[in-house]
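A structural walkthrough
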Amino acid sequence: MARPFHLNTPLLESVSMTQRVGTPVFLKMENSQPSGSFKIRGIGHLCQQLATDSKGVVCSSGGNAGMAAAYVARKMCVPATIVVPSSTPQLVVQRLRDQGATVNITGKVWDDANTEALRLAETEGLTYVPPFDHPLLWQGHSSVISEVAASLEEKPGAVLLSVGGGGLLCGVIQGLKDVGWTDVPVIAMETVGADCFNAAVKAGRLVTLDDITSEAKCLGAKTVCRKAFEFSQSGEISIISELVTDQQALSAVETFLDEERVLVEMACGAALAAVYSGLVHRLQDEGRLPAPLGPLLVIVCGGSSVDMEQLSQLKHKLHT
């Protein structure tokens with residue numbers, strides 16, 4: 001079997017977060033993956049299954065899936081075309097080009113870029129690499145939990161993660177089932193304005209958002225993948241869907257940088273904000289999470305679409 005493209009990332013205990021939550025907090029540092037985020041797990045696995053003899057891959061991405069596809073394609077010596085919406089930061093476009101990818105800027109939001117990627121796959125015979133909605137992606141992402149199970153001495157009390165299109169959520173649930181941790185609840189975080197999963201959970205059906213108004217662009221799918229919604233309805237694993245504001249996500253990014261010396265993007269900040277804003281305590285007070293809680297596992301999904309300049313611009317935009 002071919003060697004995977006992803007790394008077994010560090011699992012670090014956060015002293016400062018532990019003090020805030022009152023239970024051990026462990027950070028699964030997916031920001032240290034070669035492409036900058038967890039996406040390489042699923043995309044690497046999918047490409048090894050589907051793209052070994054491909055004339056090229058095409059991926060639609062607001063950043064991180066594209067970075068993973070470009071990295072994997074370069075390692076496989078396969079051409080990559082990455083279709084991104086116009087909201088994508090210039091630094092991401094440049095990093096994609098640095099990986100050797102052709103970048104095609106189409107539409108305003110991810111859904112527009114995805115339509116173009118599907119067209120290119122059809123007309124040019126390229127292998128389509130979906131950013132979040134494919135069983136091979138979820139299978140690849142599930143490895144994040146098997147790694148934790150191999151190194152954490154006790155079962156987590158809960159898993160905390162961010163939701164965009166739902167690929168990581170599906171992978172984590174798959175992983176929890178694989179290791180027999182189906183009684184571990186998952187806290188699924190989104191920002192207001194990029195909340196397609198929360199909207200679906202509230203409505204009891206898949207919902208398509210009118211627009212993405214959050215600055216957490218990498219959470220910006222208008223519709224969550226069906227499998228994620230089905231998991232939320234099945235009751236196999238308890239999924240707690242919660243929202244934070246852009247300001248709370250940005251504040252979490254800044255606090256994480258100060259306390260853990262790691263810069264992540266706002267999409268990742270949505271999960272971190274559950275700790276920093278007191279949401280975990282609120283869920284315990286409401287009886288939706290156990291108190292006391294066992295170790296809290298935070299998936300630090302990472303993200304390549306942030307630098308200090310962009311952080312400064314976001315602060316200015318959200319604080320004015």
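The name given to the chain in an unreviewed UniProt entry is L-serine ammonia-lyase, and the organism recorded there is Pogonophryne albipinna. As recorded by UniProt, the Catalytic activity (unreviewed entry) comment attached to the chain reads in full: "L-serine = pyruvate + NH4(+)". UniProt, in the comment section headed Subcellular location (unreviewed entry), describes the chain in these words: "Cytoplasm".

A short note on the side chain of Ser241
Mapped onto the elements, Ser241 comes out in strand E9 (residues 239–244). Apart from the residues within four sequence positions on either side, Ser241 is in contact with Ala188, Glu190, Phe197, Asn198, Val201 and Arg288.

A closer look at the sheet that holds strand E1 (residues 11–13)
Taken in spatial order, the 6 strands line up as E1-E2-E10-E7-E8-E9 in an open sheet, and their pairing is mixed. Strand pairing shows two members of the sheet lacking a second neighbour, E1 and E9, which therefore form its edges. The mean inter-strand angle of the sheet, taken between neighbouring strand axes irrespective of direction, is 25 degrees. In the sheet, E1 pairs with strand E2 (residues 25–29) via 3 bridges, with the strands oriented antiparallel. Bridge assignment links Leu11 to a residue of E2, and that residue is Lys28.

Considering the packing of aromatic side chains
Across all of its chains, the model carries 0 aromatic pairs by this definition. In this arrangement the basic side chain of Lys227 is found over the ring face of Phe231, its NZ or CZ atom lying 5.0 Å from the centre.

Quick word on the nonpolar core
Among the nonpolar cores identified, the biggest contains 110 residues, and Leu161 and Phe256 are the most heavily contacted of them. Here this core gets 9 residues from one element, more than from any other, and that element is helix H12 (residues 266–276). Apart from the residues lying within four places of it in its own chain, the contact partners of Leu161 are Leu168, Leu169, Val172, Val186, Ile187, Ala188, Met189, Ala271 and Ile299. Listed in part, the 7 residues of the second largest apolar core include Val58, Val83, Ala117 and Ala121.

Some words on the environment of Ile212
Tracing the chain through its elements places Ile212 in the loop between helix H9 (196–203) and helix H10 (226–234). In this structure Ile212 comes out as buried when scored by relative accessible area, which is 9%. Along the primary structure Ile212 and Val109 are separated by 103 residues, whereas in three dimensions their C-alpha atoms are 7.3 Å apart.

A closer look at the pairing of E2
Of all the 5 residues making up E2, 5 are buried; the element is thus mostly covered by neighbouring parts of the structure. Residues Val25, Leu27 and Met29 line one face of E2 and the alternating positions Phe26 and Lys28 line the opposite face, and both faces are buried. Looking at chain direction, E2 and strand E10 (residues 296–300) are connected through 5 bridges and run parallel. Among the inter-strand pairings, Phe26 is bridged to a residue of E10, identified as Leu297.

Notes on unusual backbone geometry
The linkage connecting Ala291 with the following residue, Pro292, adopts the cis geometry, with an omega of 0 degrees. Position of Pro292 relative to the elements: it lies in the loop between helix H13 (279–285) and E10. In this structure, Cys77 is a non-glycine residue whose phi angle is positive, near 60 degrees. With respect to the helices and strands, Cys77 occurs in the loop between helix H3 (64–76) and strand E4 (80–84). You will see that Arg261, though not glycine, has its phi angle at about 60 degrees, which is positive. Locating Arg261 in the fold gives a position in the loop between helix H11 (246–260) and H12.

Brief notes about H9
All buried positions along H9 are accounted for by Cys196, Phe197, Asn198, Ala199 and Ala200. The first or second residue beyond H9 is Gly204, which carries a positive phi of 75 degrees.

Examining the sheet that holds strand E6 (residues 127–129)
Strands sit in the order E5-E4-E3-E6 across an open sheet of 4 strands; the sheet is parallel. With one partner strand each, in any of the chains shown, strand E5 (102–105) and E6 form the two edges of the open sheet. Across the sheet, the mean angle from the axis of one strand to that of its neighbour is 25 degrees, orientation sign disregarded. Of the strand pairs in this sheet, E4 and E5 are connected by 4 bridges, and their pairing is parallel. Bridge assignment links Val84 to a residue of E5, and that residue is Ile105. Of the strands in this sheet, strand E3 (57–60) and E4 touch H3, which is tilted by about 175 degrees from E4.

Points about the pattern of salt bridges
Scanning all chains against the criterion turns up 11 salt bridges. When the shortest N-O distance is used, the salt bridge between Arg288 and Glu242 registers 2.8 Å. Here Arg288 is found in the loop between H13 and E10, whereas its partner Glu242 is found in strand E9, with 46 residues between them in sequence. Judged by relative accessible area, Arg288 falls into the partly exposed class, the value being 38%. Two residues, Glu286 and Arg288, come together in a salt bridge whose shortest N-O distance is 3.2 Å. Taking the relative accessible area as the measure of exposure, Glu286 reaches 43% and is therefore partly exposed. Taken together, the salt bridges that share partners define one network made up of Lys28, Glu30, Arg41 and Glu147.

Conventions adopted
- Residues numbered from 1 in each chain as written.
- Predicted model: local features only at pLDDT ≥ 70, side-chain atom pairs only at ≥ 80, totals over all residues.
- Heavy atoms only, no water.
- UniProt positions renumbered as here; feature names shortened; annotations may be inferred.
- Helix = DSSP H or I, 4+ residues; strand = E, 2+ residues; numbered from the N terminus.
- Contact = heavy atoms within 4.5 Å.
- Pairing = 2+ DSSP bridges.
- Axes fitted to C-alpha atoms, helices over the stretch in contact; angles between N-to-C directions.
- Phe/Tyr/Trp six-rings, centres within 6.5 Å; stacked < 30°, edge-to-face > 60°.
- Lys NZ or Arg CZ within 6 Å of the ring centre and 35° of its normal.
- Core = buried A, V, L, I, M, F, W, Y, C linked by side-chain atoms within 4.5 Å.
- Buried < 20%, exposed > 50% of the residue type's maximum accessible area, 1.4 Å probe, protein only.
- Salt bridge = Lys/Arg side-chain N within 4 Å of Asp/Glu carboxyl O.

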